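Coordinate inspection notes
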Amino acid sequence: AQSVTQLDSQVPVFEEAPVELRCNYSSSVSVYLFWYVQYPNQGLQLLLKYLSGSTLVESINGFEAEFNKSQTSFHLRKPSVHISDTAEYFCAVSEDNAGNMLTFGGGTRLMVKP
Amino acid sequence: EAEVAQSPRYKITEKSQAVAFWCDPISGHATLYWYRQILGQGPELLVQFQDESVVDDSQLPKDRFSAERLKGVDSTLKIQPAELGDSAMYLCASSFGQFLSTDTQYFGPGTRLTVL
């Protein structure tokens, strides 16, 4: 069975600074990887996903993540954060041929300070 | 843009009472999911439907939880009786595809349950 580890429960950062949210997964089969964002008292919104092809995937609001198979990682990065990026970020994995069952990490709270 | 609808948004109940949550997925989405998210943790899948059929309920505490999707559209999740440990956010999600691992899941706003 797959598992997902988000090493940092909280990441404080100043506005306009770069940020990296770390995600590692464990699986014995091919996987698909997702990052979701959750704003306070709201559901989850898909930020970006890796299914196949280029290992670097980007979102429309400046985030990017790189799939590293050898390190079983899918870290999320942004070169310059805004106050509005303050939210909880969840990394998730689904295994090939496992019926779209998502396993989530514990989440990382990104706190952007002015 | 189509969204997953959930109601109520907030529910406060006393221990041993019954509660029910409703979810209306995006139109045309065949797969529906119920997740439980305990404060400070990631969501955990409780049950997954493909049309009206349950395809996975291995993590659903069946002694007190039940879920149905009778006509393959909207769904209800029930807890009876509620316990203090059931306090959490209950999220509903839906996806278009037929049981594909690559399908994006779209989440509703959730129902926050507080059991006193």
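Each remark here, short or long, concerns the structure printed above.
Structural notes, computed from the coordinates. Just so you know, the residues in each chain are numbered from 1, in the order the chain's sequence is written. For naming, the first written chain is A and the first written ligand is 1, with later ones following in the order written. Side-chain atom pairs in this predicted model are given and counted only at pLDDT of 80 or more, local residue features only at pLDDT of at least 70, and totals for whole chains, interfaces and linings cover all residues. Side-chain measures were taken over the full set of non-hydrogen atoms in the model, leaving aside hydrogen atoms and water.

1. Details of the overall build of chain A
What counts is decided by this rule: Labels follow the DSSP assignment, with helices taken as runs of H or I lasting at least four residues and strands as runs of E lasting at least two, numbered in each case from the N terminus. Think of it in three bands: residues with accessible area under 20% of the maximum for their type are buried, residues over 50% are exposed, and the middle band is partly exposed, with areas taken using a 1.4 Å probe on protein chains only. Note on contacts: a residue pair is in contact if any heavy atoms of the two residues lie within 4.5 Å. Using a 1.4 Å probe, accessible areas were evaluated by the Shrake-Rupley method; residue-level cover was limited to the displayed protein chains. In this tally, Asp and Glu contribute negative charge and Lys and Arg positive charge; neither His nor the terminal groups of the chain are included. To locate a charge, take atom NZ for lysine, CZ for arginine, CG for aspartate or CD for glutamate.
Of regular secondary structure, chain A possesses zero helices and 12 strands. Order of helices (α) and strands (β) in chain A, N terminus to C terminus: β-β-β-β-β-β-β-β-β-β-β-β. Along the longest, intermediate and shortest principal axes, the C-alpha atoms of chain A span 45 × 30 × 25 Å. Sorting the 114 residues of chain A into buried and exposed places 46% on the buried side. In chain A, once contacts between residues fewer than 6 apart in sequence are set aside, the share between residues at least 24 apart is 57%. Entry remark: accessible area of chain A is about 5400 Å², with carbon and sulfur atoms responsible for 49%. Here chain A carries 7 positive and 11 negative side-chain charges, and the mean point of each set is 3 Å from the other.

2. Focus: the interface of chain B and chain A
Threshold: A quick way to say it: buried area is the sum, across both parts, of accessible area lost when two parts are put together, with a 1.4 Å probe. The term salt bridge refers to a pairing of a side-chain nitrogen on Lys or Arg with a carboxyl oxygen on Asp or Glu at a separation within 4 Å.
In this complex, chain B contributes 25 residues to the contact, which on the side of chain A involves 24 residues. Interface area, chain B with chain A, both sides summed: about 1800 Å², of which 50% is carbon and sulfur. On the surface where chain B and chain A come into contact, there are zero salt bridges. Broken down by secondary-structure element, the contributors of at least two residues to the side of chain B that touches chain A are strand 4 (31-37), strand 5 (44-50) and strand 9 (88-95) of chain B.

3. Quick word on the sheet that holds strand 3 (residues 19-24) of chain B
Residue and element names in this part refer to chain B. The test is simple: In this scheme, strands are said to pair when DSSP sees at least two bridges between them. For helices, the fitted axis covers only the stretch in contact; all axes are lines through C-alpha atoms, and the angles between them, taken along N-to-C directions, range from 0 to 180 degrees.
Taken in spatial order, the four strands make up an open sheet running 1-3-8-7, and their pairing is antiparallel. Both outer strands of the open sheet, strand 1 (5-7) and strand 7 (65-68), are each paired with one neighbouring strand and no more. Neighbour-to-neighbour, the strand axes of the sheet open up by a mean angle of 15 degrees, direction not taken into account. Here strand 7 pairs with strand 8 (residues 75-79) via four bridges, running antiparallel. Its bridge partner lying in strand 8, A67 is registered against L77.

4. A look at the pattern of salt bridges
All names here are of chain A. Throughout the structure, instances matching the rule amount to eight salt bridges over all chains. One salt bridge in this structure joins E66 and R77, with 4.0 Å as the shortest N-O distance. Here R77 lies in strand 9 (residues 73-78) and E66 lies in strand 8 (residues 64-68), a separation of 11 residues in the sequence. Under the relative-accessibility criterion, E66 is labelled partly exposed at 35%. Looking at R77, the relative accessible area reads 28%, which means it is partly exposed. Two residues, E88 and R109, come together in a salt bridge whose shortest N-O distance is 3.1 Å. Separated by 21 residues along the polypeptide, E88 in strand 10 (residues 87-95) and R109 in strand 12 (residues 108-113) bring together distant segments of the chain.

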